[in-house]
Amino acid sequence: MTVSRLDAERLRASAGELAELLADTVEGGASIGFLAPLERAAAVAWWEERVDAVSAGRLAVWVAHTADRILGTVSLAFPDRPNSRHRAELVKLMVHRDGRGQGLGRELLTAAEHAAATAGITLLHLDTETDSPAESLYRSAGWTRLGAIPDYAATPAGEPRPTTIFYKRLGARTPGGE
């Protein structure tokens, strides 16, 4: 298994495979912003809409893959405001049901954290469905739970669920910092 960062061209070329991963993740019940059933065309279009953001440097996308298949992905979204360039949001960490239990989520998370730190990002944040399996991954990787927002997002079946907010500081801390 290899984890690779996609440039805009490779993202466009991988949109079909990433759509399959997205559809599988939604079908598996993950609350990642989509309702089931997720049509393939809608999933492909969603990934294609990310190409410009990758090209502009506002989004970084990694995939976990074998020689012939993408089994996972994660992205970092970078704010464009001058007072927020020290932080990024971890978004859309997904592992295909066929690839779960192999440490792919951890590998993807580690790759994104390392790349963020290398780019000078000192703070990451994310949200995830409360009581989801992802919560234990983030806790075990040193993320701090900030709190939960009730009824923040819906499951793929449309049921409102709470969302937990996490953050993680990267790199050296400043004097007097937490």
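Quick summary incoming for the structure in this document. (Residues numbered from 1 in each chain as written. Predicted model: local features only at pLDDT ≥ 70, side-chain atom pairs only at ≥ 80, totals over all residues. Heavy atoms only, no water.)

A look at the environment of Arg139
Inference 1: Relative to the assigned elements, Arg139 resides in helix H5 (residues 133–140).
Inference 2: You can call Arg139 partly exposed: its relative accessible area is 45%.
Inference 3: Put simply, Arg139 and Phe166 are 27 residues apart on the chain and 8.7 Å apart in space, counted from C-alpha to C-alpha.
Inference 4: Filtering out sequence-adjacent residues up to four positions away, Arg139 remains in contact with Arg145 and Phe166. (Helix = DSSP H or I, 4+ residues; strand = E, 2+ residues; numbered from the N terminus. Buried < 20%, exposed > 50% of the residue type's maximum accessible area, 1.4 Å probe, protein only. Contact = heavy atoms within 4.5 Å.)

Some details on the pairing of strand E3 (residues 70–77)
Inference 1: Counting buried positions over the eight residues of E3 gives seven, a clear majority of the element.
Inference 2: Here seven bridges tie strand E2 (residues 59–65) to E3, and the two strands are oriented antiparallel to one another. Across the sheet, residue Val61 finds its bridge partner in E3, namely Ser75.
Inference 3: In sequence, E2 turns back onto E3 through a hairpin of four residues.
Inference 4: Where E3 meets strand E4 (residues 87–95), five bridges bridge the pair, whose relative direction is antiparallel. Of the residues in E4, the one forming a bridge with Ser75 is Val91. (Pairing = 2+ DSSP bridges.)

Let's talk about the packing of helix H1 (residues 8–27) against helix H2 (residues 40–48)
Inference 1: Between H1 and H2, the least distance of the axes is 8 Å, while the angle of their chain directions is 135°. In this view, H1 runs oblique relative to H2, as classed from their interaxial angle. The crossing of H1 and H2 is right-handed. Where H1 approaches H2, its residues Leu11, Ala15, Gly16, Leu18, Ala19, Glu20 and Leu22 are matched on the opposing element by Arg40, Ala43, Val44, Trp46, Trp47 and Glu48. (Axes fitted to C-alpha atoms, helices over the stretch in contact; angles between N-to-C directions. Parallel < 35°, antiparallel > 145°, perpendicular 65-115°, else oblique. Left-handed = near helix turned anticlockwise from the far one by under 90°.)

Details of the environment of Arg85
Inference 1: The residue Arg85 is located in the loop between E3 and E4 in this model.
Inference 2: Excluding residues within four positions of it along the chain, Arg85 makes contact with Pro79, Asp80 and Ile121.
Inference 3: A polar side-chain atom of Arg85 sits 3.1 Å from the main-chain carbonyl oxygen of Asp80. (Polar contact = N/O pair within 3.5 Å; in protein donor to acceptor, adjacent residues only side chain to side chain.)

A closer look at the nonpolar core
Inference 1: Among the nonpolar cores identified, the biggest contains 25 residues, and Leu11, Leu18, Leu22, Phe34 and Trp47 are the most heavily contacted of them.
Inference 2: A per-element tally of this core places H1 first, with eight residues.
Inference 3: Those residues in contact with Leu11, other than ones at most four positions away along the chain, are Leu6, Leu18, Trp47, Arg50, Val51 and Val54.
Inference 4: With 24 residues, the next largest nonpolar core counts Ala60, Val74, Ala112 and Trp143 among its residues. (Core = buried A, V, L, I, M, F, W, Y, C linked by side-chain atoms within 4.5 Å.)

Quick notes on the packing of aromatic side chains
Any pair of aromatic rings gets described here by the distance separating the centres and the angle formed by the planes.
Inference 1: Scanning the model with the defined rule gives four aromatic pairs in all.
Inference 2: Seen from their ring centres, Phe34 and Trp46 are 5.5 Å apart, and the 85° between their planes marks the pair as edge-to-face. A residue pair is termed long-range when its members are at least 10 positions apart, and Phe34 in the loop between H1 and H2 and Trp46 in helix H2 qualify at 12 residues.
Inference 3: Residue classification places Phe34 among the buried residues on the basis of a relative accessible area of 13%. (Phe/Tyr/Trp six-rings, centres within 6.5 Å; stacked < 30°, edge-to-face > 60°.)

Section: the side chain of Thr73
Inference 1: Examined against the element boundaries, Thr73 turns out to sit in strand E3.
Inference 2: On the accessibility criterion, Thr73 (0% relative accessible area) is buried.
Inference 3: For Thr73, the side chain forms a polar contact with the main-chain oxygen of Trp62, separated by 2.7 Å.
Inference 4: With residues up to four places along the chain from it excluded, the contact list for Thr73 reads Leu18, Leu21, Trp47, Val61, Trp62, Val63, Lys92, Leu93, Met94 and Leu108.

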